[in-house]
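Read off the chains here:
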Amino acid sequence: MSMNDEKNIGGGLLASVPDERDFSFGAVFSLPALSELPNEYTVGARPIKNQYGSDLCSSFAATAVSEDQELAELSPEFQFAQTKKLTGDWQSWGSGLRDVCKSMVKVGSIPVNRLPDEFKLLPDNSNRNRIADWTQWPSGIELYATKYRKKSYFSVGGQYTTFDNFRTTLYQNRKEERSILTGVTWQQEWSGKSYIDKDDGHPAFGHAFKCFGFKNDYLICQLSNGLSVGENGIMYFHKNVVNKQFNYGGFLFMDLEREEAEWYIKKGVKKTDPWLRRLIISLFH
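What comes next is a walk through the structure. From a predicted model like this one, the values you see are computed outputs, not experimental measurements. (Residues numbered from 1 in each chain as written. Predicted model: local features only at pLDDT ≥ 70, side-chain atom pairs only at ≥ 80, totals over all residues. Heavy atoms only, no water.)

**Regarding the pattern of salt bridges**
Stated formally: The rule for a salt bridge is simple: a side-chain nitrogen of Lys or Arg has to be within 4 Å of a carboxyl oxygen of Asp or Glu. Numbering of helices and strands starts at the N terminus; helices are DSSP runs of H or I of at least 4 residues and strands are runs of E of at least 2. Burial classes: relative accessible area under 20% of the type maximum marks a residue as buried, over 50% as exposed, and values in between as partly exposed (1.4 Å probe, protein chains only).
This model, assessed by the stated rule, comprises 11 salt bridges. As a salt-bridge pair, Lys 150 and Glu 70 come within 2.9 Å of each other at their nearest N and O atoms. Here the residue Lys 150 occupies a position in the loop between helix 6 (128–132) and strand 5 (152–155), and Glu 70 occupies one in helix 3 (residues 57–70), the gap between them amounting to 80 residues. Assessed through its relative accessible area of 4%, Lys 150 is described here as buried.

**Focus: the packing of aromatic side chains**
Selection rule: Pairing of aromatic side chains requires ring centres within 6.5 Å, counting the rings of Phe and Tyr and the six-membered ring of Trp. Pairs whose planes differ by under 30 degrees are stacked, by over 60 edge-to-face, and all others tilted.
Enumeration according to the criterion identifies 17 aromatic pairs in this entry. With centroids separated by 5.6 Å and ring planes inclined at 40 degrees, the aromatic side chains of Phe 23 and Phe 154 adopt a geometry described as tilted. Taken as a pair, Phe 23 in strand 2 (residues 23–24) and Phe 154 in strand 5 lie far apart in primary sequence, 131 residues in all. The buried category is assigned to Phe 23, whose relative accessible area is 7%.

**Here's the deal with the packing of helix 4 (residues 76–87) against helix 5 (residues 97–106)**
Packed helix pairs are specified by the crossing angle of their axes together with the interaxial distance, meaning the distance between the axes. Selection rule: The convention used is that axes are lines fitted to C-alpha atoms, helices contributing only their stretch in contact, and that angles between N-to-C directions extend from 0 to 180 degrees. Oblique is the label for every angle not falling under 35 degrees (roughly parallel), over 145 degrees (roughly antiparallel), or within 65 to 115 degrees (roughly perpendicular). When checking whether two residues touch, look at their non-hydrogen atoms; a contact exists if any pair is within 4.5 Å. For this classification, the nonpolar set comprises Ala, Val, Leu, Ile, Met, Phe, Trp, Tyr, Cys and Pro, the charged set comprises Asp, Glu, Lys and Arg, and every other residue, Gly included, is treated as polar.
Helix 5 packs onto helix 4 with a crossing angle of 105 degrees between their chain directions and a minimal axis gap of 9 Å. Compared by their axis directions, helix 4 and helix 5 come out roughly perpendicular. Contacts from Gln 79, Gln 82, Thr 83, Leu 86 and Thr 87 of helix 4 reach helix 5 at Asp 99, Val 100, Lys 102, Ser 103, Met 104 and Lys 106. For the contact of helix 4 with helix 5, a count of residues per class yields three nonpolar, five polar and three charged.

Structure (structure tokens):
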């Protein structure tokens, strides 16, 4: 029995080539000191979805991250089609985190009440190709996506370890309750667990998910594999696993135009710096 059969785990995450045009969150916003962090923090919970055995994980995870700001249920199916349109190959397996982020900035997302019935993902994935082939979607459906279009996306980065960069980024965004899009190379031994403490198993495929909190030495992540996986769809990754295996990066969506982010980076000033410092730098640099 394969892992997909056992726990209905579907992946679909592709590795992305590092892009120097990415904005690092830690380069534009100051991260809090580790001593400021509580032992536990989570973004408000959202419904657990199920991608079944499909390769739509990046789109399920990205829309789950966006839902934390939009407070509306968004369609992973539409997002997958738009991501495939950007990459130009609907027949290829899966997608990368950066590609789905670009689709949410360039096009946006549609709410599920605008999703035509024939494009709703079926449990047997028999309509996966119909969903992925953007030419089959109704003309003009992108108009419903404008309302939920993101201004920019930032990569998770800073002066700490991967685990602590994730924690401090989440906590810095606590007022807006932003979560993080990330992923990992899934290991077969993880499928029957809730707490992932070891990373010496058998790699299977890339899997994207949402990181929405931390608890002591663990990141708290929401998967898109239904309630039977982990702790009702939630899994906890130990900091040692995060630092070693979260090598697909992490991204979050920001209400900040690209041009403004470029200004902060060019001037060497952070948006969280005192306003007087920002003013002086803008006048004399």
